[in-house]
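Breakdown of the fold
Chain by chain, the residues:
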Amino acid sequence: MRKSGKKLVSAVMAAAMALSLAGCGSKPADTTTAAEVSSEAESKAEETDAAETEGTGESQQADIVVIGAGGAGMTAAIQAVQDGATDVVVLEKMPITGGNTTRSTGGLNASGTKYQEAEGIEDSVELFVEDTMKGGKELNDKELVTVMAENSAAAVDWVNEIGGDLSVVGMFGGASVKRIHRPTDTSAVGPMLVKALNAKMAELNIPVLLETTAKEILVNDEGAVCGVTAEDKDGREMTIECTAVVLATGGFGANAAMVEEYKPDLAGFGTTNHAGATGDGITMAKAVDAAFVDMDQIQTHPTVNPDTQTMYTEGVRGNGAILVNKEGRRFVNELETRDVVSAAILEQTDGQCYMIFDQAVRDSLAAIESYVKAGIVTEADTPEELGEAIGVDGAALAETLKTYAGYQAAGKDEEFGRESMELPLDQPKYYAALCAPAIHHTMGGVKINTSCEVLKEDGSAIPGLFAAGEVTGGVHGANRLGGNAVTDIVVFGRIAGSGAESYVMANGGNTEAEITASDDTAAAAPEVQGSFKDGVYEGTGKGNNGDITVEVTVEGGSITAITLKEHGETEGIYEAAEKGVIAEIIKTQNTEVDAVSGATNTSNGIMEAVANALAEAK
């Protein structure tokens, strides 16, 4: 692969990049081929050179392009570099990395780990596979499931080696034994993992082009991957020629039209997915004749707040919580698979229920604190008072809890056969969280083999195209068990990264990076004169997980600095809002600026807090 010798800085796209297919061969089957446009490209070469001073540039090159900076994509990029890759670039359409991984609350399922051994938990690859196949209604690709299980313990070690924290083992729905690995403080796994991945990406100087949307995967006349076209936030197009592509764009749970296309009975459902989960990878893969599997298998998560779409981790139920309907009665084994629990909830009054737990459960799981701070948990000193507070028959709720405590003491759930009953739920205070099912995970996607190569309908691999994470199908079958998504993205992300690097080495070898990471840390400065009184002011606004307190500094009449002093916002999400919103407020001297996509509530909370602080500065 011939290098142009020009650099593209990942954090700042200083010039638009002209579409150029030189050396790539052809576009996907339904688009114009390179041969058809080559003469036109040559005739415009001089125009392109001249236009560089007016904001256009040449096509760039990389060895490996990773599409998507969620958990699978960042894992693949890191593993490729750890294997020796020298020229990897990641494209991410959102203004922040993390994708749905940031929203993951549970943990990583793994068998045969040292943490299980330390607790005397007997587990095996075979049992992990058996549970996963059973949970997926045997629709899963057993070879993929086996690879996931076989590499799961190594996945835990790898996450911990790159700076993560997976050391506490718990119980989750669909598992025969305690298998889900979580952070030491029992907080949500997603923010921890994204933070560790981001730090490792920075350490390895892997460039990420944020707000850059991949549009097409390019293949040459032999059908091998040779590039990617993309577009930045200002609509400027670019081409990155490459040897291999890792497709890690996630699922399509936030694309209501696509969800309804494949599963019409989910029309109108809410979603737990981040705004970027719109199935872009599915569209790109179709254009290069990829095969697909299980596209109609779309999972709902049973315990989602219907007002805020906040997903309650299954760890709450795993640690002891029960579900009751609006009549105050249990109606299901709370640790059944997600599809079973979701279906049971939909049969209850209003298609909703309450998750009930006590102080002991709250104390056992730090993730609960974010729900309390967000104001979506009701508390009371007694079951009767809790029932009154949520509009449920208090006497019925108290009787339900008393009956459950009896089952827990006897070690047998006479009504629903729940086997894991960690606590009797008799320690004040008592808590209730409103729940309803929402679209959570799309199990279907591109068809891959155990090497993460993307396959065609005839079973042949598309040369140079790899995929990992929720964009793929086959791993989870008809229903994904909680904790398997994080295992999926780490195990197959690593395999895809290694596979892409091996493919590069077999097809010309590593080359010097053209697209490089940049430290974009310059502080924002006022671009207009403000009209505030000098001083330091403090204000509070409502964020996604409770109050956000800021400190605002005004000098010479203008806002010069804004600092977040206290907040409960999710790591991996709030940073983009902190950086983007604060910079725009300082630049414009206005508290009404655009929210950062994917961090809307945090953005609005910061704006409100700054506005309240400046109320004293007028």
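Everything discussed here concerns the structure shown above.
Figured I'd write up the structure that's included with this text.

Thresholds applied
- Residues numbered from 1 in each chain as written.
- Predicted model: local features only at pLDDT ≥ 70, side-chain atom pairs only at ≥ 80, totals over all residues.
- Heavy atoms only, no water.
- Patch = residues over 30% accessible without salt bridge, like charges linked within 9 Å, V, L, I, M, F, W, Y side chains within 5 Å.
- Areas by Shrake-Rupley, 256 points an atom, 1.4 Å probe, with all protein chains shown as cover.
- Salt bridge = Lys/Arg side-chain N within 4 Å of Asp/Glu carboxyl O.
- Lys, Arg positive; Asp, Glu negative; His and termini not counted.
- Charge placed at Lys NZ, Arg CZ, Asp CG, Glu CD.
- Helix = DSSP H or I, 4+ residues; strand = E, 2+ residues; numbered from the N terminus.
- Pairing = 2+ DSSP bridges.
- Axes fitted to C-alpha atoms, helices over the stretch in contact; angles between N-to-C directions.
- Parallel < 35°, antiparallel > 145°, perpendicular 65-115°, else oblique.
- Contact = heavy atoms within 4.5 Å.
- Nonpolar A, V, L, I, M, F, W, Y, C, P; charged D, E, K, R; others polar.
- Buried < 20%, exposed > 50% of the residue type's maximum accessible area, 1.4 Å probe, protein only.
- Phe/Tyr/Trp six-rings, centres within 6.5 Å; stacked < 30°, edge-to-face > 60°.
- Core = buried A, V, L, I, M, F, W, Y, C linked by side-chain atoms within 4.5 Å.
- 1 Å grid on protein atoms, 1.4 Å probe; cavity = no way out; pocket = protein on both sides within 12 Å on 5 of 7 lines; lining within 4 Å.
- Points joined across faces, edges and corners; volume = space filled by probe spheres on them.

Looking now at a negative patch on the surface. Where like charges cluster on the molecular surface, the negative patch consists of D381, E384, E385 and E388. Tracing the chain through its elements places E385 in helix α15 (residues 383-390).

Generally, phi is negative for residues other than glycine and the peptide bonds are trans, each holding for most cases. Residue K429 follows P428 across a cis peptide bond; omega there is 5 degrees. Here K429 is to be found in the loop between α16 (394-410) and β18 (430-442). Its identity as a non-glycine residue notwithstanding, E138 has a phi of 65 degrees, on the positive side. With respect to the helices, strands and loops of the structure, E138 is situated in the loop between α5 (125-135) and α6 (142-150). Even without being a glycine, Q309 presents a positive backbone phi close to 60 degrees. Looking at the secondary structure, you find Q309 in the loop between β14 (298-304) and α11 (315-318).

What follows deals with the sheet that holds strand β7 (residues 180-182). Taken in spatial order, the three strands line up as β5-β7-β6 in an open sheet, and their pairing is antiparallel. Pairing within the sheet leaves two strands with one partner each, and these edge strands are β5 (108-109) and β6 (168-170). One ladder, built from three bridges, connects β6 with β7; its direction is antiparallel. Directly across from V168, in β7, lies its bridge partner R182.

Between α6 and helix α17 (residues 484-506), the least distance of the axes is 9 Å, while the angle of their chain directions is 90 degrees. Our classification of the angle between α6 and α17 gives roughly perpendicular. Taking contact as the criterion, the partners of L144, V147 and M148 in α6 are, on α17, N484, T487, D488, V491, F492 and I495. Here the contact of α6 with α17 is built from residues that sort into six nonpolar, two polar and one charged.

Time to look at the pattern of salt bridges. Taken as a whole, this structure holds 20 salt bridges when the rule is applied. The partner of D131 in a salt bridge is R179, with the nearest N and O atoms 3.0 Å apart. One end of the pair, D131, is in helix α5; the other, R179, is in the loop between β6 and β7, with 48 residues separating them in the sequence. Using a relative accessible area of 5% as the deciding quantity, one classes D131 as buried. The partner of E551 in a salt bridge is K565, and the shortest N-O contact between them spans 4.0 Å. Here the residue E551 occupies a position in strand β25 (residues 546-555), and K565 occupies one in strand β26 (residues 558-566), the gap between them amounting to 14 residues.

Attention shifts here to the packing of aromatic side chains. This model, assessed by the stated rule, comprises four aromatic pairs. Taking the centre distance of 5.7 Å and the plane angle of 50 degrees together, the rings of F252 and Y262 count as tilted. Of the two residues, F252 sits in the loop between β12 (244-247) and α9 (256-262) while Y262 sits in helix α9, which places them 10 residues apart along the sequence. Overall, F252 belongs to the buried group, its relative accessible area being 1%. Considering the side-chain rings of Y312 and Y371, the 5.1 Å spacing of their centres and the 85 degrees angle between planes classify their relative orientation as edge-to-face. You can see Y312 sitting in the loop between β14 and α11 and its partner Y371 sitting in helix α14 (residues 368-373), a full 59 residues away along the chain. In this structure Y312 comes out as buried when scored by relative accessible area, which is 0%.

Take the sheet that holds strand β8 (residues 208-209) next. Reading across from one edge, β8-β4-β3-β12-β21-β20 is the order of the six strands in this open sheet, with mixed pairing throughout. In this open sheet, the two edge strands, each paired with only one partner strand, are β8 and β20 (453-455). Examined bridge by bridge, strand β4 (residues 88-91) and β8 share two bridges and lie parallel to one another. Directly across from V90, in β8, lies its bridge partner V208. Relative to β4, helix α3 (residues 71-82) is tilted by about 175 degrees, and along the sheet it contacts β3 (64-67), β4 and β12.

Looking now at the nonpolar core. Counting 95 residues, the largest nonpolar core has I64, V65, I67, L108, V490 and F492 as the members making the most contacts within it. Residues F331, I376, Y404 and Y431 belong to the second largest nonpolar core, which totals 40 residues.

Let's shift gears to the environment of V491. With respect to the helices and strands, V491 occurs in helix α17. With 415 residues separating them along the chain, V491 and A76 place their C-alpha atoms 9.4 Å apart. For V491, the contacting residues outside a window of four places in its chain are V147, M148, N151, S152 and A155.

Evaluation of the coordinates by the stated rule reveals one cavity of 30 Å³ or more. Along the walls of the largest cavity sit E92, M94, I96, T97, G98, G99, T102, R103, H274, I573 and G598, which together make up its complete lining. Here the lining of the largest cavity is built from residues that sort into three nonpolar, six polar and two charged.

So far we have only geometry, and geometry alone does not tell us how the molecule works.
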